[in-house]
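# Residue-level structure breakdown
Chain residues, written in single-letter form:
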Amino acid sequence: MSKHQTSDNVIDRQFMQPIQIAISKGIDYLYEHQFPNGEFCAYLSPDEQMQEWCHLESNVFCTAVISSCLLKLEESEKRACILEKSGSFLAYEMMRGGLWNFFTKSNARFKAVPADADTTAYTSFVLQQLGIDFPDNKSLLLENTDKNGLFYTWIVLRHTSTFSFLNLKVVGREFKRPFHALFFWLKHEVKRRDIDAVVNANALYYVGLNEKTEVVVKFLTNLLRESNEENSDKWYKNPIVFYYFVSRNYLKVKALEPAKGLILKRLLKKGNTNGGFGRSDLENAMAIATLLNFEHKGPELDNAVIALLAAQNEAGYWRRSILFYTGPSKSAGWGSEETTTGFCLEALAMYKAKLSINL
């Protein structure tokens, strides 16, 4: 072993302790702030840093996202307790056919809003990893595609001959409250045939690569080639968020190699003066995870982790900021300290795993 390698290993060992302390404090925070029913807090707010009004908005998606992040952490008693409670919560919120609505059943908006591919794919993946049974819903998701094979965001009735009887039963929910459904389409910045890039990336991550989903890989890669990632999704308007969700697929979908190069080139330009990436702890955490998903090595990764460690509050959380928006106008969006903390813990756990391999 060379002197340089020995020195690197000493640095890695010194770095492990503050990372583990930060992870433990973050887990403690989530453990103490998880609702009794297993849900995690999510706010709706009009500004990116969520410093104006914040309205508590009960939804399924944020809990699914946080749970997915915690899957990357080493096993512990508190992690297991958190995931057991969140798994029960997510299973309870399931709709007919193994689908999920963004909003919880206790939210007044649940009645008007249809199930969506994003929440369904994300929640299904988490429950699958936790070993919790639910109906096989991949065929329903694959039926919810356009003529090119891209996933529609909303799982609703459309003029098509490919719907199975089960799918018709699922989407027939609209007819139970037609005025609620009509109000939803008229009031909000959504269309029945919406196709959003991050939604497709998340559906690909759950359904997996096959002859039917190959088109999603081409779609995502072409968006990057055209530098159109910021306008490719009504909900996820932040390019770093887009990069993160695409990168999650890379280890399982090597056909995304062209996307890897384009994302890394653009992401590395988004470094900030404190050594991290982007304008928030959330963006920095997602950037770190993206670099690690793409197996990137470089000092900018280490500097971003140092910045993330420095940003953690003494109570164990990281600052809230908007993860995704209500629509293209970005009039409001959802996020919370809990959501940001989930992504920060995932990034640190991934980085810690990388260090462990090098020791």
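A count of helices and strands for the protein chain gives 14 helices and 4 strands. A burial count over the protein chain gives 56% of its 359 residues as buried. Within the protein chain, contacts between residues separated by at least 24 positions form 71% of all contacts whose residues are at least 6 apart in sequence. Accessible area of the protein chain: about 16,000 Å², with a carbon and sulfur share of 53%.

The next thing to look at is unusual backbone geometry. Glycine aside, residues mostly have negative phi angles, and peptide bonds mostly take the trans form. The backbone of Met50 sits at a positive phi, close to 55 degrees, despite the residue not being glycine. With respect to the helices, strands and loops of the structure, Met50 is situated in the loop between β1 (43-45) and β2 (55-56). You can call Met50 buried: its relative accessible area is 0%. In this structure, Lys330 is a non-glycine residue whose phi angle is positive, near 55 degrees. Following the sequence through the fold, Lys330 ends up in the loop between β3 (324-325) and β4 (333-335). In this structure Lys330 comes out as partly exposed when scored by relative accessible area, which is 38%.

Time to look at the sheet that holds β3. Spatial ordering of the open sheet is given by β2-β1-β4-β3, a layout of 4 strands whose pairing is antiparallel. Only two strands of the sheet have a single partner each, and these edge strands are β2 and β3. As judged from the 2 bridges shared by β1 and β2, these two strands associate in the antiparallel manner. If you follow Leu44 over to β2, its bridge partner there is His55.

With that settled, the discussion passes to the side chain of Glu229. Among the secondary structure elements, Glu229 is positioned in the loop between α9 (214-225) and α10 (239-247). For Glu229, a relative accessible area of 5% gives the class buried. Here the side chain of Glu229 touches Tyr243 through a polar contact of 2.6 Å, side chain to side chain.

What follows deals with the packing of aromatic side chains. For the structure on display, the rule yields 20 aromatic pairs. Plain terms: the ring middles of Tyr122 and Phe245 are 6.1 Å apart, the flat faces sit at 85 degrees to each other, and that makes the pair edge-to-face. With Tyr122 in helix α4 (residues 117-130) and Phe245 in helix α10, this residue pair connects regions lying 123 residues apart in the sequence. For Tyr122, a relative accessible area of 2% gives the class buried. Site record: aromatic cluster; members linked through ring pairs are Phe61, Phe102, Phe103, Tyr122, Tyr236, Tyr244, Phe245, Phe324, Trp334 and Phe343. Note that Lys105 overlies the ring of Tyr92, its terminal NZ or CZ placed 5.0 Å from the centroid.

What follows is about helix α13 (residues 299-311). Its 13 residues place the ends of α13 19 Å apart at the C-alpha level, agreeing with the 18 Å of an ideal helix rising 1.5 Å per residue. Every buried residue of α13 is listed here: Leu301, Ala304, Val305, Ala307, Leu308 and Leu309.

What follows concerns the confidence of the model for the protein chain. With 89% of its residues at a pLDDT of 70 or more, the protein chain shows a mean pLDDT of 91. Between residues 1-7, whose pLDDT stays under 50, and residues either more than four places distant or in other chains, the model counts 2 contacts.

Counted under the stated rule, the structure contains 11 salt bridges. Residues Arg109 and Glu57 are paired through a salt bridge, measuring 2.3 Å at the closest nitrogen-oxygen approach. One end of the pair, Arg109, is in the loop between α3 (77-92) and α4; the other, Glu57, is in the loop between β2 and α2 (61-70), with 52 residues separating them in the sequence. Ionic contacts of the salt-bridge type, sharing partners, join the residues Glu48, Arg279 and Glu283 into one network.

Basis of the calculations
Residues numbered from 1 in each chain as written. Predicted model: local features only at pLDDT ≥ 70, side-chain atom pairs only at ≥ 80, totals over all residues. Heavy atoms only, no water. Helix = DSSP H or I, 4+ residues; strand = E, 2+ residues; numbered from the N terminus. Buried < 20%, exposed > 50% of the residue type's maximum accessible area, 1.4 Å probe, protein only. Contact = heavy atoms within 4.5 Å. Areas by Shrake-Rupley, 256 points an atom, 1.4 Å probe, with all protein chains shown as cover. Pairing = 2+ DSSP bridges. Polar contact = N/O pair within 3.5 Å; in protein donor to acceptor, adjacent residues only side chain to side chain. Phe/Tyr/Trp six-rings, centres within 6.5 Å; stacked < 30°, edge-to-face > 60°. Lys NZ or Arg CZ within 6 Å of the ring centre and 35° of its normal. Expected span 1.5 Å × (residues − 1). pLDDT = per-residue confidence, 0-100. Salt bridge = Lys/Arg side-chain N within 4 Å of Asp/Glu carboxyl O.

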